[in-house]
Amino acid sequence: MSGILVLAIGAIFVNNVILSRFLGICPLLGVSKKTENALGMSYALIFVVVFSALLSYGFYWLVLAPLHLEYLALTSFILIIAAFVQFVEMFLKKYMVGLYKALGIYLPLITTNCIVLLVALDNVSLGFNFLEMLVYSIAVPLGYMMIIVIFSVIRTRVDGNHKLPTPFRGNAIALILAALMALAFVGFGGLV
Amino acid sequence: MKIKEKFKIITSGIIQGNPTFVLFIGMCAVLAVTNTFSSAFGMGLAVIAVLVLSNVIISLIRKLVPDDIRIPVYIIVIAVLVTVIQMFMEAFTADLAATLGVYLPLVVVNCIILGRAEAYANKNTVLDSFLDGVGTGLGFMAAVSMVSIIREIVGTGAFGFTDPFTNTVLFQVQLFPQQYAISLFVQNAGAFLVLGLLVAVINAVSNKIIKKRELKAAAKKVPAVATQSEAGK
Amino acid sequence: MSETVRIIVAIAIMAVLIALFFVSFLLNKKIPEPEGCRDLKKNCVGCGILSCGSNPANQPAKPKTEEKEEGKNNVV
């Protein structure tokens, strides 16, 4: 039990997917300008990551590994994730239109997102069992959500500030803010 | 004249369309592998290879692919290409592949490659797409080189280069003693910091250049206005 | 299993997955977006990620001018 907790805390705080592992930077800079965008993106990401991790994990251990075709992992995972997102979009468009209006715009962005693919690959390369895979797949996007929401809140205050020198506006100050957050998170280093 | 136009394609990938400093895509790699110049250089080579090959392939098939399904087709082509190049790298440049780790398949599959395929390769000839791949790849290489040189020199005080194919250290020079180096720069926060500062510097420089150009254009218009008013008189 | 059988199986698996992806993509394209959803995409001028289906550069209406303006906005 404690192993699972350590795994989760490690994934969210210590090895945070953005601040420690530098993934998902592109959406971070693009989506974090408004907090409701950040939240929407995070919910969509959590959903897609968890279920596509399940699917790719199942595919790897039930199909690829018994046939010793592990080298197909990267390409198959990309295809599975992409197909899954298409199905999710279809389902939302037909049966949950309100949800589609809220979150549907982020789904195409998530298809080619580093984080979804990363979690799928990690589950396999780190040799997780089913429970560990589940916990990891929930924890990583939660860590992402935490960072991107905090980031968007800070950014909405910084972006409107006219005292900021012109060369720094936009993405430069965003990167420096990320540097400060990364520095703060180094403090979690000895936790696990 | 034609050669000038072709050359323009390359330079626009390095300057006006620089993937890191202008378009802000593919940042994951720039931050993750730039703590030493050798690994940044290796990643730059890999990105150039994948970008050029994918641009050429997609430009070749652009007339065969129905417009509706072009994005899935590109995704598949690029995924296969990246798997092959990853295998090549693990075979011929094993240490580099180990250092780049998971960032090679992850990052290379995403933003930059698909972005260039969608924006350029599916609308232009093979030669133009090849040049665009070279240009954008060189732009990426310039960006990671700048970031990694700053990070390595300020962060460790040393500067060296290791040949990725033979894994021999080509040179290693300690520019100043290590105790004076700011080790923050080779850590995570340093990566964000160096990139943010570089972006700010480049913004400042390009704003100045744009202002100069506008002043020149305004100066050219003034004599025309003067001659018009004289002619009116 | 012999080598050729494994290669054939690998190709078959890839073919199945690719077919799955294509089918889902085409089915998804056929289903029209509910009203009010077209406008959401027009408001998205977030980033330079051109592989995203929501990027204005990928919408049929105004493809090229949006892209150049985005590039300039990021510098200035």
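What comes next concerns the included structure. Just so it is clear, the structure is predicted and the values come from calculations on it, not from any experiment.

**Quick notes on the overall build of chain C**
- Scanning chain C from terminus to terminus reveals 3 helices and 0 strands.
- For chain C, the α and β elements follow one another from N to C terminus as α-α-α.
- Residue burial in chain C is summarised as follows: out of 76 residues, 18% are buried.

**Observations concerning the overall build of chain A**
- Across its full length, chain A holds 9 helices and 0 strands.
- Relative to the globule expectation of 16 Å for 192 residues, the C-alpha radius of gyration of chain A, 18 Å, shows essentially globular dimensions.
- Dimensions of chain A, computed from the C-alpha atoms along their principal axes, are close to 60 × 45 × 30 Å.
- Summarising the internal contacts of chain A: among those between residues at least 6 apart in sequence, 77% fall at separations of at least 24.

**Some remarks on the packing of helix H3 (residues 37-60) of chain B against helix H4 (residues 70-92) of chain B**
Residue and element names in this part refer to chain B.
- Running from amino to carboxyl end, H3 crosses H4 at an angle of 140 degrees, the nearest separation of the two axes being 10 Å. As for how H3 packs across H4, the hand of that crossing is right-handed. From H3, Ala46, Ala49, Val50, Leu53, Ser54, Ile57 and Ile58 reach across to H4, where they touch Tyr74, Val77, Ile78, Leu81, Val82, Ile85 and Met89.
- Counted by class, the contact of H3 with H4 contains 13 nonpolar, 1 polar and no charged residues.

**Comments concerning the interface of chain B and chain A**
- In this complex, chain B contributes 30 residues to the contact, which on the side of chain A involves 28 residues.
- The set of elements that each furnish at least two residues to the side of chain B that touches chain A consists of helix H2 (27-32), H4, helix H6 (103-109), helix H7 (111-121) and helix H9 (188-232) of chain B.
- Sorting elements by how many residues they give to the side of chain B that touches chain A places H9(B) first, with 11 residues.
- Looking at the side of chain B that touches chain A, its residues break down into 24 nonpolar, 6 polar and no charged.

**Things to note about H7(B)**
- Burial analysis of H7(B) places 11 of its 11 residues in the buried class, the great majority of the element.
- All of the buried residues in H7(B) are Cys111(B), Ile112(B), Ile113(B), Leu114(B), Gly115(B), Arg116(B), Ala117(B), Glu118(B), Ala119(B), Tyr120(B) and Ala121(B).

**What about unusual backbone geometry?**
Residue and element names in this part refer to chain A.
- Residues other than glycine seldom take positive phi values, yet Phe22 does so here, at roughly 60 degrees.
- Judged by local crowding, Phe22 falls into the buried class, with 24 C-beta atoms found within 10 Å.
- One non-glycine residue with positive phi stands out, namely His68, at about 55 degrees.
- Assignment of secondary structure puts His68 in the loop between helix H3 (35-64) and helix H4 (73-95).

**Here's the deal with the pairing of strand S1 (residues 158-162) of chain B**
Residues and elements named next belong to chain B.
- For S1 and strand S2 (residues 169-174), the ladder comprises 5 bridges, and the chain directions are antiparallel. Along S2, the bridge assignment pairs Gly160 with Gln172.
- Linking S1 to S2, which pair antiparallel, is a turn of 6 residues; within it Asn167 sits at a positive phi near 55 degrees.

Criteria and thresholds
Counting from 1, residues in each chain are numbered in the order their sequence is written. Starting at A for chains and at 1 for ligands, labels are handed out in the order in which the entities are written. pLDDT decides what is reported in this predicted model: residues at 70 or higher carry local features, side-chain atom pairs at 80 or more are listed and counted, and totals for whole chains, interfaces and linings draw on all residues regardless. Only runs of H or I of at least four residues qualify as helices and only runs of E of at least two qualify as strands under DSSP, and these elements are numbered from the N terminus. Any residue with 12 or fewer other C-beta atoms within 10 Å of its own C-beta is exposed, any with 20 or more is buried, and the rest are partly exposed; the C-beta atoms used are placed from the backbone. The globule rule is 2.2 Å times the number of residues to the power 0.38, and the radius of gyration it is compared with is taken over C-alpha atoms. Contacts here follow a simple rule: the backbone-placed C-beta atoms of the two residues must lie within 7 Å. Angles run from 0 to 180 degrees between N-to-C directions of axes, and those axes are lines fitted to C-alpha atoms, restricted for helices to the stretch in contact. A crossing counts as left-handed when the near helix is turned anticlockwise from the far one by less than a right angle, and as right-handed when that turn is clockwise. For this scheme, ten residues count as nonpolar: Ala, Val, Leu, Ile, Met, Phe, Trp, Tyr, Cys and Pro. Four count as charged, namely Asp, Glu, Lys and Arg, and the remainder, Gly too, count as polar. The criterion for strand pairing is that DSSP finds at least two bridges linking the strands in question.

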